[in-house]
Every structure is written in C-alpha cells, then in structure tokens.
Amino acid sequence: MLRQQDREWLFPNNGRGLYEVTDEIALWLREAGLAHGLLTLFLPHTSASLLIQENADPDVQADILAYLEELVRDGDPRYRHRNEGSDDMSAHLRAALTQPSLSIPVRNGALALGTWQGIFIFEHRRKAQQRRLMAHFMGTMGDL
C-alpha cells in the first residue's frame, strides 16, 4: 500500500561550507520503516541549497567552495541588494546556481545513492546559520 510520511530537521552550521546530512536522513528512513519509493528533500531558504556530491574526499568540497568563491564574489559593486552585508547577494546567486530540492529513490529502506555520494546542505552565508530541511517520502513501508 502506498504511504506518505514527512519529517523536518533543524541543522545548525558554522557558516559558508558544505554540511553532510546523509546519515540523519538514512537513520530516519530505517527507523520509520520506509522501504521503497521516492524521497523529496526541500530547503526553504534563499541563501542555502542542497547538493548531492562526493563525500569521500574533502578536497572535492573545498574545490567546489573555491570555484564558487571565484565565480560569485562577495561584495561585487554591481550588486544592489546588500541588506545583510557583503555576502548577501552573492549567497542568493550561489543558491540560484544550485538547487533548493532533491528527489532520491529509496530501495530496500536505503537511499539509492552512488558509492561516493552524500547529501549536503550547502551554506552560502559566511555567518553561522540554522537551516530547516523538510523531507517527504512517498512509497511503501513495512518489513524489508
């Protein structure tokens, strides 16, 4: 029988960077007995995003950060929107280049991610934040 289930988390962070949340989501799937279906994740923020990326080598995350810092610079004089500081508009642009939601298949109670893939909240502001992550599962539940 097709079922739906929701969950919400608050994840504090230390400012700009990638923060892996794969384990928390995988634990919820197991504890809730969610077996086969589709998981949708949504981050309701305009200066942070979600990313599926390699989680084995931290150099990958450092390179992504460095690349975006070069591509979208803080404090660019062309930005009109600076209500919350020099990283305000650049954070919005970084979020626009990435994504606020992800859809991930769930098979046999586990995220159907590749070997080196992890789910990350990608914080674009320099200052520490607390981000809300919403999850919605649609599929089957029960014994695996």
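Look up: the structure comes first, before these words.
Report on the accompanying structure. From a predicted model like this one, the values you see are computed outputs, not experimental measurements.

### Digging into the overall build of the protein
Phase 1 of the analysis: When helices and strands are counted, the protein shows 3 helices and 8 strands.
Phase 2 of the analysis: If one aligns the C-alpha atoms of the protein with their principal axes, the spans along those axes are about 55 × 30 × 20 Å.
Phase 3 of the analysis: For the protein, with 144 residues in total, the buried portion stands at 38%.
Phase 4 of the analysis: Sequence separation of 24 or more characterises 82% of the internal contacts of the protein that already satisfy a separation of 6 or more.
Phase 5 of the analysis: As presented, the protein carries roughly 8200 Å² of accessible surface, and 50% of it is formed by carbon and sulfur atoms.
Phase 6 of the analysis: Taking the average location of the 15 positive side-chain charges in the protein and that of its 19 negative ones, the two points are 7 Å from each other.

### Comments concerning the nonpolar core
Phase 1 of the analysis: One finds I25, W28, L39, L41, L111, I119 and L133 to be the most contacted residues of the largest nonpolar core, which totals 22 residues.
Phase 2 of the analysis: For this core, the secondary-structure elements that each account for two or more residues are β1 (3–12), α1 (22–32), β3 (34–42), β4 (48–54), β5 (101–107), β7 (117–123) and β8 (130–141).
Phase 3 of the analysis: No other element matches α1, which puts 4 residues into this core.
Phase 4 of the analysis: Beyond its immediate chain neighbours, meaning those up to four positions away, L41 contacts I25, L50, P100, S101, L102, I104, I119, L133, M134 and A135.

### Topic: the sheet that holds β8
Phase 1 of the analysis: A sheet is described by the order of its strands in space; here 5 strands give the open sequence β1-β8-β3-β5-β6, paired in antiparallel fashion. Sheet topology places β1 and β6 (110–111) at the edges, where each strand pairs with a single neighbour.
Phase 2 of the analysis: Across 2 bridges, β5 lies against β6 in antiparallel orientation. The residue of β6 that forms the bridge with R107 is A110.
Phase 3 of the analysis: Most of the contacts of α1 go to β1, to which it runs at about 150°, and overall it touches β1, β3, β5, β6 and β8.

### With respect to the packing of aromatic side chains
Phase 1 of the analysis: Taken as a whole, this structure holds 2 aromatic pairs when the rule is applied.
Phase 2 of the analysis: Centroid distance W9 to F11: 6.3 Å. Interplanar angle 25°. Geometry classified as stacked. The two residues W9 and F11 agree in class, both being buried.
Phase 3 of the analysis: Centre to centre, the rings of W9 and W28 are 5.7 Å apart; their planes meet at 90°, and the pair counts as edge-to-face.

### Quick look at the pattern of salt bridges
Phase 1 of the analysis: Taken as a whole and judged by the stated rule, the model has 11 salt bridges.
Phase 2 of the analysis: Ionic pairing is found between D74 and R126, a salt bridge with its closest N-O pair at 2.7 Å. In this pair, D74 is assigned in the loop between α2 (58–71) and α3 (88–97) and R126 in the loop between β7 and β8, connecting sequence segments 52 residues apart.
Phase 3 of the analysis: On the accessibility criterion, D74 (25% relative accessible area) is partly exposed.
Phase 4 of the analysis: A network of salt bridges, in which partner residues are shared, links R16, E69, D74, R94 and R126.

Rules used throughout
Residues numbered from 1 in each chain as written. Predicted model: local features only at pLDDT ≥ 70, side-chain atom pairs only at ≥ 80, totals over all residues. Heavy atoms only, no water. Helix = DSSP H or I, 4+ residues; strand = E, 2+ residues; numbered from the N terminus. Buried < 20%, exposed > 50% of the residue type's maximum accessible area, 1.4 Å probe, protein only. Contact = heavy atoms within 4.5 Å. Areas by Shrake-Rupley, 256 points an atom, 1.4 Å probe, with all protein chains shown as cover. Lys, Arg positive; Asp, Glu negative; His and termini not counted. Charge placed at Lys NZ, Arg CZ, Asp CG, Glu CD. Core = buried A, V, L, I, M, F, W, Y, C linked by side-chain atoms within 4.5 Å. Pairing = 2+ DSSP bridges. Axes fitted to C-alpha atoms, helices over the stretch in contact; angles between N-to-C directions. Phe/Tyr/Trp six-rings, centres within 6.5 Å; stacked < 30°, edge-to-face > 60°. Salt bridge = Lys/Arg side-chain N within 4 Å of Asp/Glu carboxyl O.

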